[in-house]
Amino acid sequence: MIRVIDSHTEGEPTRLVVAGGPDLGPGTLAERRARFASGFDRFRSLVVNEPRGSDAVVGALLCPPDHPGSVAGVIFFNNVGYLGMCGHASIGTAVTLARMGRIGPGIHHLDTPVGTVAVDLVDANTVTVENVESYRLAHAVGVDVPGLGRVTGDVAWGGNWFFLTESVTTPLDAANITELTRIATAIRDALAAAGITGRDGAEIDHIELFGPPRGAGARSRNFVLCPGGAYDRSPCGTGTSAKLACLAADGKLAPGERWVQESIIDSRFEAEYRPAPGGGIIARITGRAYVTLEATLTRDPADPFADGIRF
Ligand code: PYC
């Protein structure tokens, strides 16, 4: 029986699989993610794709941890594949674990395929995630984007790979989401065509557009394109971490200084960082999550879309 608990974090949905997931065997979360992808990809699709889910849903498979001090392991996935870390889904996972009675207020650790993160359950809905080390890989990278011209931005790691740019002039307004999605997709395609990648040739699969904030106290507004073409309703935890790494590298944000990142739907993350031993930063991201559904997923073998609609 596949048991899931849905939540949203600042508008971005998470579907946590709490029972009935595939047995991925022993090993690190990275090894188990590889086994998930090679042997159980239909399960990923069944959980997040239509008709049970949507392109916006990020799935999270709850697993046994691989470090003795951690409360759980988590593998994040979406409509097209797998993530390294996921900030909004870590917040959603912590709130859901609290609702299940598995954690109480205070600090807990989650193992992910890219490292262990800390989640501090501040209250039933508020969580601070201390992410893996984030860093800027490349500054002021130019790419020619068909129909858009030269776009300049930074390449940074925040648990996933991001291209961050302030070059786009289309206002970051919810009314422009279709156009912003088209622009960000064109930038991602142009980066791939130009051979611009993250470390070790990793695909830059998240594009982050920045503009001036609208709400009181916010420092910036963003639009984040996720790998499967959906936009992040939240300000994106790993994307905000990547942003802080760039601000720190530019000397524009001091350790401990508060950064309020606004999303395209006006939701917010509060963030700050401390320097990390590797030369990058450790970002702390605070947001709120709410449980929206507890359900059992059923699979009828006669259903032509039993494993979700896959392209
Ligand atoms: O919050 O890190 C995040 C995230 C990544 C993709 C969607 N949300």
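The rules behind each value
- Residues numbered from 1 in each chain as written.
- Predicted model: local features only at pLDDT ≥ 70, side-chain atom pairs only at ≥ 80, totals over all residues.
- Heavy atoms only, no water.
- Domains from an automatic or database assignment.
- Contact = heavy atoms within 4.5 Å.
- Buried area = accessible area lost by both parts, 1.4 Å probe.
- Salt bridge = Lys/Arg side-chain N within 4 Å of Asp/Glu carboxyl O.
- Helix = DSSP H or I, 4+ residues; strand = E, 2+ residues; numbered from the N terminus.
- Nonpolar A, V, L, I, M, F, W, Y, C, P; charged D, E, K, R; others polar.
- Core = buried A, V, L, I, M, F, W, Y, C linked by side-chain atoms within 4.5 Å.
- Buried < 20%, exposed > 50% of the residue type's maximum accessible area, 1.4 Å probe, protein only.
- Near = heavy atom within 4 Å.
- Polar contact = N/O pair within 3.5 Å; in protein donor to acceptor, adjacent residues only side chain to side chain.

> If you had to explain the domain arrangement of the protein to someone new, which residues and values would you point to?
When cut into domains, the protein gives domain 1 (2-130 + 291-297) and domain 2 (133-286). Domain 1 puts 22 residues into the contact, and the matching count from domain 2 is 24 residues. The contact between domain 1 and domain 2 buries some 1600 Å² in all, and 56% of this surface belongs to carbon and sulfur atoms. Connecting domain 1 to domain 2 are 2 salt bridges. With a shortest N-O distance of 2.7 Å, Arg274 and Glu130 are connected by a salt bridge. At the level of secondary structure, the elements contributing two or more residues to the side of domain 1 that touches domain 2 comprise α3 (87-99) and β7 (126-145). Counting residues per element, the side of domain 1 that touches domain 2 draws most heavily on β7, at 5 residues. Split into classes, the residues belonging to the side of domain 1 that touches domain 2 amount to 9 nonpolar, 9 polar and 4 charged.

> Please provide a residue-by-residue account of the nonpolar core, values included.
In terms of nonpolar packing, the biggest core is built from 62 residues, with Phe163, Ile187, Ile207, Leu209, Phe223 and Leu244 touching the most fellow members. Composition of this core by domain shows at least three residues from each of domain 1 (2-130 + 291-297) and domain 2 (133-286). Apart from residues no more than four positions distant in its own chain, Ile207 is found in contact with Phe163, Ala184, Ile187, Arg188, Leu191, Phe223, Val224 and Leu225. Core analysis: the next-biggest nonpolar cluster, separate from the first, contains 17 residues, Val17, Leu29, Phe36 and Ala295 among them.

> Hey, could you go over the site of the ligand for me, with residue numbers and the actual values?
Residues in close proximity to the ligand include Glu12, Cys86, Gly87, His88, His206, Cys226, Asp232, Cys236, Gly237 and Thr238, which together make up its full environment. One of the backbone nitrogen or oxygen atoms of His88 is found 2.8 Å away from an oxygen atom of the ligand. Between an oxygen atom of the ligand and a side-chain N or O atom of Thr238, the distance comes to 2.7 Å. Of all the secondary structure elements, the ones that give two or more residues to the shell around the ligand are α3 and α5 (237-249).

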